[in-house]
Amino acid sequence: MFSAVFGAAARPERIRFLHEVKAAFPVPVNFVVFNTSETVEADFPVVNAARGLNPQFADPLETLQALLTEHCPDKVGLLLDHARGELGHGLRAFDLMIRKHIRMILAFCRALDAHEPDYVYLWNQFNALHRTFEAILEHRGIKMGFFHDGVLPGSIALDVDGEMGESWIAKDPEKFMSVEVTEAQVARAAAFMASQAGMENNRHPQVEEISVAQSLSLAKLGDRPVMFFAGQNDWHAGIKPKSPARAFHSPVFAGSMEALETLDRIAGEIGLAIVFKPHPLSRDRFAFLRAHEFPNTVILQHTSMNVCIDLCDIAATIASQACYVALQENTPVMMIGRNQLTGKGLTYDVAAADMIAATLRTALDDPLAGSRAHDLAVHAAQLEQAYLFDYGTQDAGFYTRGAAEMARLMHLSVCEPVENVIDAIVDRTV
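Residues numbered from 1 in each chain as written. Predicted model: local features only at pLDDT ≥ 70, side-chain atom pairs only at ≥ 80, totals over all residues. Heavy atoms only, no water.

Colleague: How would you sum up the sheet that holds strand β10 (residues 314-317)? Please name residues and give values.
Modeller: Read across the open sheet, the six strands follow the order β9-β8-β7-β10-β11-β12; overall the sheet is parallel. In the strand order of this sheet, the two ends are held by β9 (297-299) and β12 (348-349), each with one partner. In the sheet, strand β7 (residues 226-230) pairs with strand β8 (residues 273-277) via five bridges, with the strands oriented parallel. When the bridges of β8 are listed, alanine 230 appears paired with lysine 277. (Pairing = 2+ DSSP bridges. Helix = DSSP H or I, 4+ residues; strand = E, 2+ residues; numbered from the N terminus.)

Below you can see the structure in the form of structure tokens.
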């Protein structure tokens, strides 16, 4: 079973790719799609969860608590906190959103009962709905993995253990870096990465509605070195709510706001200017901020990430994969949290808050500049060989693995423990 936003108008490539994977599966298999948005059709069963169920309940939060107590009793408090935070408890639309949340959970449980899947893949591990689905699957003893857009343009990835900081690629960087690649593969990767420079790759198309350079000048910060701080949706990046898993993604800060407060203070101490661009899906949460609260920062909700990267001397983020775009543009990157780049020797990694000032100074000097292009090509070649698959959304001609290889990995994931699957990935026996 595959759970995701499969809305036909916005995400047609997801259903198309699943058709290709099913056709390539090495053994007979049944696919079921659990669609959380709009209505789609496929050559296999589709549960269009946004339609059909319309239960009546007086108090949504009490209903949700009872539902969680029944289906994942050991994580009720954490999942309630996630739903309240992500869906905006206290906002006008919260009641409507929490009711939809409940309907989705009910529909998912009915789908599990009806189809009895051996394995479930969730698209985006971290949103409140899929965190709840993950807990339900754990409680039922159903194996699961995660599929999502890959870290490089035109790719799709599958994680059998967890996304971003929870993936083996981040938790065991030495293991990933042991993936063997040839000089020819590194050369292909170098050519691909060079072709992506200046392409304005990002998952959320953006326009420079507000001039970044003019904003810095008007804030009287135009004469300083500039750091671009790329925000992420904290609720969709494993950072919120507070949980043991946060340490995999953001061991230093509890969210973008806390990080921004520290970065702004340090920027004032060392003479740095910050351009902070909130994630497009969470920018309204920062609309209340006032300029005098962050004297060394301009906060631009409506501008282009690519323009910010072009103008900056350093890019920084907790976990946003804007870091890959910055590296493509040969911009030094400071990682305050963890994702697939952690420990790969490509970024300036921060392990504690008291390391930030020194790490910023090092990043400004940029001792990695001379080796960055080559090391990024090696990393991209390893990603292509052991992590990424061709999604068919870009005519890149770079990825050598597609639906057939994804099908074999999915088949192995159903049959083998996670540790064996990861070993097979590293050894490239799958």
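Colleague: Explain the packing of aromatic side chains residue by residue, including any values.
Modeller: Summed over all chains, the structure comprises 18 aromatic pairs. Seen from their ring centres, tyrosine 121 and phenylalanine 147 are 6.3 Å apart, and the 75° between their planes marks the pair as edge-to-face. Placement of the pair is tyrosine 121 in strand β4 (residues 119-123) and phenylalanine 147 in strand β5 (residues 143-149), with a sequence separation of 26 residues. Of the aromatic side chains, those joined through ring pairs into one cluster are Phe2, Phe17, Phe25, Phe31, Phe44, Tyr119, Tyr121, Trp123, Phe147 and Tyr391. Sitting above the plane of the phenylalanine 248 ring, lysine 171 keeps its charged end 5.2 Å from the centroid. The cationic tip of arginine 401 hangs over the ring face of phenylalanine 389; the distance from NZ or CZ to the ring centre is 4.2 Å. (Phe/Tyr/Trp six-rings, centres within 6.5 Å; stacked < 30°, edge-to-face > 60°. Lys NZ or Arg CZ within 6 Å of the ring centre and 35° of its normal.)

Colleague: How would you summarise the packing of helix α1 (residues 12-24) against helix α16 (residues 403-415) if you had to cite specific residues and measurements?
Modeller: Following both chains from N to C, one finds α1 and α16 inclined at 70°, their axes separated by 8 Å at the closest point. Classified by the angle between their axes, α1 and α16 sit roughly perpendicular to one another. Classified by chirality, the crossing of α16 by α1 is right-handed. Together, Phe17, Glu20, Val21 and Ala24 of α1 and Ala403, Ala404, Met406, Ala407 and Met410 of α16 make up the contact between the two elements. (Axes fitted to C-alpha atoms, helices over the stretch in contact; angles between N-to-C directions. Parallel < 35°, antiparallel > 145°, perpendicular 65-115°, else oblique. Left-handed = near helix turned anticlockwise from the far one by under 90°. Contact = heavy atoms within 4.5 Å.)

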